[in-house]
Amino acid sequence: MEDDGSRSEAAGRAAAIVGAGPAGLYALAALVREERFDRIDVFEAAPAPYGLVRYGVAPDHPKTRNISRVLARGFEHTRVRFLGNVSVGRDVTVDELRAGYDAVVVSTGMLGDRRLGIPGEDLPGSYGASELVAWYTGHPEAGDVSLPDGLTSATVIGAGNVALDIARILAKDATALRSTSMPRYVVDALAASTVTDIHLVARRGPAQAKFTSPELHELGALDAVDLVVDPADLVLGPADEEAVAHDRHAKVTVDVCREWAERPATGAPRRIHLHYWRRPARILGDDAVTGIELEPTRPGGEALSLPTQLVVRAIGYHGRPIPGLPFDESSGTIPSQDGRVLNDGATLAGVYVTGWLRRGPTGVIATNRGDANEVAESVLADLDTLPERPSDPDSVDKLLAERGVRVVTWADWLRLEAHEKATGDAAGGDPIVVHDLATALEVIDAAG
Ligand code: NAP
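On a predicted model such as this, the values are computed, not experimentally measured, just so you know.

1. Topic: the overall build of the protein
Inference 1: Helix and strand counts for the protein come out as 16 helices and 18 strands.
Inference 2: Relative to the globule expectation of 22 Å for 448 residues, the C-alpha radius of gyration of the protein, 24 Å, shows essentially globular dimensions.
Inference 3: In the protein, which comprises 448 residues, the proportion classed as buried is 53%.
Inference 4: At a minimum sequence separation of 6, the contacts of the protein that also span at least 24 residues come to 74%.
Inference 5: For the protein, the computed accessible surface area is about 19,700 Å², with 52% contributed by carbon and sulfur atoms.

2. As for the site of the ligand
Inference 1: The local shell around the ligand holds 21 residues, among which A159, R203, R204, E215 and G363 are the closest.
Inference 2: Measuring from an oxygen atom of the ligand, one finds a side-chain N or O atom of R204 at 2.8 Å.
Inference 3: Broken down by element, the shell around the ligand gets its largest block of residues, 3 residues, from helix α7 (residues 161-171).
Inference 4: A class-by-class count of the residues in the shell around the ligand yields 9 nonpolar, 6 polar and 6 charged.
Inference 5: Here the shell around the ligand spans two domains, since at least three of its residues come from each of domain 1 (14-111 + 319-408) and domain 2 (114-316).

3. Here's the deal with empty space enclosed by the protein
Inference 1: Enumeration according to the criterion identifies 1 cavity of 30 Å³ or more in this entry.
Inference 2: Looking at the largest cavity, its volume works out to about 30 Å³.
Inference 3: Split into classes, the residues belonging to the lining of the largest cavity amount to 7 nonpolar, no polar and no charged.

4. A closer look at the confidence of the model for the protein
Inference 1: Scored by pLDDT, the protein has a mean of 95; 98% of the residues are at 70 or more.
Inference 2: Overall, residues 1-10 carries pLDDT values under 50, and its contacts beyond four positions in sequence, including any with other chains, amount to 11 contacts.

5. Quick word on the side chain of H275
Inference 1: Looking at the secondary structure, you find H275 in strand β10 (residues 270-275).
Inference 2: Of the residues examined, H275 reaches a relative accessible area of 11% and is grouped as buried.
Inference 3: Within the structure, H275 has its side chain in polar contact with the side chain of H199 (distance 2.8 Å).

6. Details of the layout of surface pockets
Inference 1: By volume, the second largest pocket is sized at about 560 Å³.
Inference 2: Lining the second largest pocket are 20 residues, and of these R65, N66, S68, E417 and P431 sit closest to its centre.
Inference 3: Within the residue set of the lining of the second largest pocket, elements represented by two or more residues are α2 (51-55), α3 (62-65), α4 (68-71) and α15 (410-426).
Inference 4: Counting residues per element, the lining of the second largest pocket draws most heavily on α15, at 7 residues.
Inference 5: Of the residues that constitute the lining of the second largest pocket, the class distribution is 10 nonpolar, 3 polar and 7 charged.

7. With respect to the sheet that holds strand β1 (residues 14-18)
Inference 1: The strand order β3-β2-β1-β4-β18-β17-β16 describes an open sheet built from 7 strands, whose pairing is mixed. The sheet is open, and its two edges are formed by β3 (80-84) and β16 (336-337), each paired on a single side.
Inference 2: Across the sheet, helix α1 (residues 22-34) lies against β1, β2 (39-44), β3 and β4 (103-106), angled at about 175 degrees from β2, the strand it touches most.
Inference 3: Across the sheet, helix α14 (residues 394-402) touches β2 and β3, and the angle it forms with β2 is around 30 degrees.

8. Quick notes on the packing of α1 against helix α13 (residues 367-382)
Inference 1: Running from amino to carboxyl end, α1 crosses α13 at an angle of 45 degrees, the nearest separation of the two axes being 8 Å. Of the possible angle classes, the one that applies to α1 and α13 is oblique. Between α1 and α13 lies a crossing of right-handed hand. Counting all contacts with α1, which are made through P22, A23, Y26, A27, A30, L31, R33 and E34, the residues of α13 involved are N368, R369, A372, N373, A376, V379 and L380.
Inference 2: In terms of residue class, the contact of α1 with α13 is made up of 10 nonpolar, 2 polar and 3 charged.

9. Details of the packing of α15 against helix α16 (residues 437-447)
Inference 1: Where α15 meets α16, the axes come as close as 9 Å, and the angle between the chain directions of the two elements is 100 degrees. Viewed along their axes, α15 and α16 adopt a mutual orientation that is roughly perpendicular. Of the residues in α16, those touching α15 at D412, R415, L416 and H419 are A440, V443, I444 and A447.
Inference 2: Broken down by class, the residue content of the contact of α15 with α16 amounts to 5 nonpolar, 1 polar and 2 charged.

10. As for the side chain of T180
Inference 1: Its location among the elements puts T180 in the loop between α7 and α8 (184-191).
Inference 2: Here T180 is in contact with P59, D60, D430 and I432, once residues within four sequence places are set aside.

11. Structural notes on the packing of aromatic side chains
Inference 1: What the rule picks out here adds up to 6 aromatic pairs.
Inference 2: Ring centres of F75 and F82 lie 5.7 Å apart, and the angle between their planes is 90 degrees; on these two criteria the pair is classed as edge-to-face.
Inference 3: Of the residues examined, F82 reaches a relative accessible area of 3% and is grouped as buried.

12. Remarks on the domain arrangement of the protein
Inference 1: One can read the domain layout of the protein as domain 1 (14-111 + 319-408) and domain 2 (114-316).
Inference 2: Contacts between the two partners involve 13 residues from domain 1, matched on the other side by 18 residues from domain 2.
Inference 3: Taken as a group, Y55, P59 and D60 account for 51% of the area that domain 1 buries against domain 2, more than any other trio of residues on that side.
Inference 4: Where domain 1 meets domain 2, there are 2 salt bridges.
Inference 5: K172 is paired through a salt bridge with D60; the nearest N and O atoms lie 2.7 Å apart.
Inference 6: At the boundary of domain 1 with domain 2, the tally comes to 7 residue pairs in polar contact (both at pLDDT 80 or more).
Inference 7: By residue class, the composition of the side of domain 1 that touches domain 2 is 7 nonpolar, 2 polar and 4 charged.

Reading the values: the criteria
Residues numbered from 1 in each chain as written. Predicted model: local features only at pLDDT ≥ 70, side-chain atom pairs only at ≥ 80, totals over all residues. Heavy atoms only, no water. Helix = DSSP H or I, 4+ residues; strand = E, 2+ residues; numbered from the N terminus. Rg over C-alpha atoms; globule rule 2.2 N^0.38 Å. Buried < 20%, exposed > 50% of the residue type's maximum accessible area, 1.4 Å probe, protein only. Contact = heavy atoms within 4.5 Å. Areas by Shrake-Rupley, 256 points an atom, 1.4 Å probe, with all protein chains shown as cover. Near = heavy atom within 4 Å. Polar contact = N/O pair within 3.5 Å; in protein donor to acceptor, adjacent residues only side chain to side chain. Nonpolar A, V, L, I, M, F, W, Y, C, P; charged D, E, K, R; others polar. Domains from an automatic or database assignment. 1 Å grid on protein atoms, 1.4 Å probe; cavity = no way out; pocket = protein on both sides within 12 Å on 5 of 7 lines; lining within 4 Å. Points joined across faces, edges and corners; volume = space filled by probe spheres on them. pLDDT = per-residue confidence, 0-100. Pairing = 2+ DSSP bridges. Axes fitted to C-alpha atoms, helices over the stretch in contact; angles between N-to-C directions. Parallel < 35°, antiparallel > 145°, perpendicular 65-115°, else oblique. Left-handed = near helix turned anticlockwise from the far one by under 90°. Phe/Tyr/Trp six-rings, centres within 6.5 Å; stacked < 30°, edge-to-face > 60°. Buried area = accessible area lost by both parts, 1.4 Å probe. Salt bridge = Lys/Arg side-chain N within 4 Å of Asp/Glu carboxyl O.

In structure tokens:
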């Protein structure tokens with residue numbers, strides 16, 4: 001038979017998925033189902049799978065974190081491998097993956113934060129949400145986060161669910177966090193927190209807030225926390241009234257805020273203040289954050305200057321470029337068409353992107369399933385026409401071995417997971433996340 005550049009099924013197709021969060025693992029589920037690959041390797045920089053399900057979903061939301069059980073199913077197939085603790089771009093290049101695999105699906109999500117671009121943003125005490133979230137979920141690469149000494153006032157910028165998560169975690173009585181997956185040193189830091197006031201700052205009104213209703217109700221039901229809303233912020237203009245009339249979500253948010261505005265203060269030890277129609281103009285302080293200036297975003301609004309020692313911007317996540325792949329800095333995504341990565345408008349053969357890195361940082365976990373199905377369709381449609389791959393998938397294993405990369409296998413992860421469950425059981429709560437890599441590897445080795 002004439003060689004037409006395509007290859008037979010018998011050649012042994014191999015796919016690499018880069019990133020074991022929901023985006024990657026839904027893509028895995030879709031690809032495994034079709035049985036067109038003899039081997040699917042899932043690369044993950046962390047020593048554990050599940051991405052934002054483990055290192056993003058708030059520890060006090062264990063039901064949401066339980067989606068990991070569904071995501072784990074892809075690894076039940078013998079032709080699927082987990083290669084944890086392998087960072088693509090650092091331990092192995094994208095080109096090396098492209099040489100070893102017919103298809104490479106990139107699903108590393110968004111690990112960085114958008115910036116406000118205002119003075120004082122880089123002062124100690126000013127954090128991006130992703131830094132704080134990485135800290136309280138026990139991400140091994142979480143930076144040096146600490147609650148400022150003498151913290152009484154914290155300010156969270158943004159009107160999305162990440163802002164709500166952070167406000168709630170800061171406001172919650174730490175006793176309630178002791179039964180969560182949170183690393184103990186984080187619970188201890190939160191237990192020692194002297195914060196009394198948490199300010200949530202939204203640049204638009206309640207009718208445009210991105211909070212979802214269950215999360216908003218949860219905030220209102222926190223023990224020992226008063227909610228403070230200025231009724232003046234709830235005076236709506238015609239466009240807002242229109243939104244409330246036609247959008248159930250907008251109506252619920254406005255109604256909940258109105259109910260909070262009417263609630264008498266109970267003298268609770270902590271307060272969450274919602275400030276609508278304001279954006280930060282400047283973060284104050286010389287060596288560390290001491291305050292924040294907010295400016296009004298609607299006519300007649302008043303500026304506000306708040307003393308605060310902690311500022312967290314929860315204004316959206318932002319992707320980071322992966323060496324060897326195109327990147328759109330403004331959106332923080334990889335340019336693509338139907339999941340096929342585009343380089344200057346031309347398709348990069350055999351390379352795909354899914355999840356937040358494809359569509360931007362929006363949607364719930366399950367949104368990634370539809371996204372992954374679409375991308376898997378593109379992969380499968382292309383499979384017979386992709387160029388011959390130069391090497392065997394083992395070439396990547398050999399490179400990792402040569403470079404001394406300590407690959408965490410699925411069996412290793414199960415050992416770490418069992419350890420986390422045992423420590424959680426002993427404390428009468430959820431599995432406790434092992435937050436540092438060295439300990440994770442020790443636990444795995446000790447159990448192996
Ligand atoms: P988000 O929902 O997009 O909210 C971002 C917020 O930041 C918006 O209120 C936005 O205001 C504001 N913002 C953006 N730029 C700003 C600026 N320069 N100055 C001031 N405010 C600014 O994003 P997110 O909270 O990061 O959440 C990401 C996704 O994860 C969402 O889909 C979210 O629902 C999901 N998530 C879900 C849960 C849950 O279900 N429990 C938990 C966490 C995250 P504008 O609207 O005016 O742009």
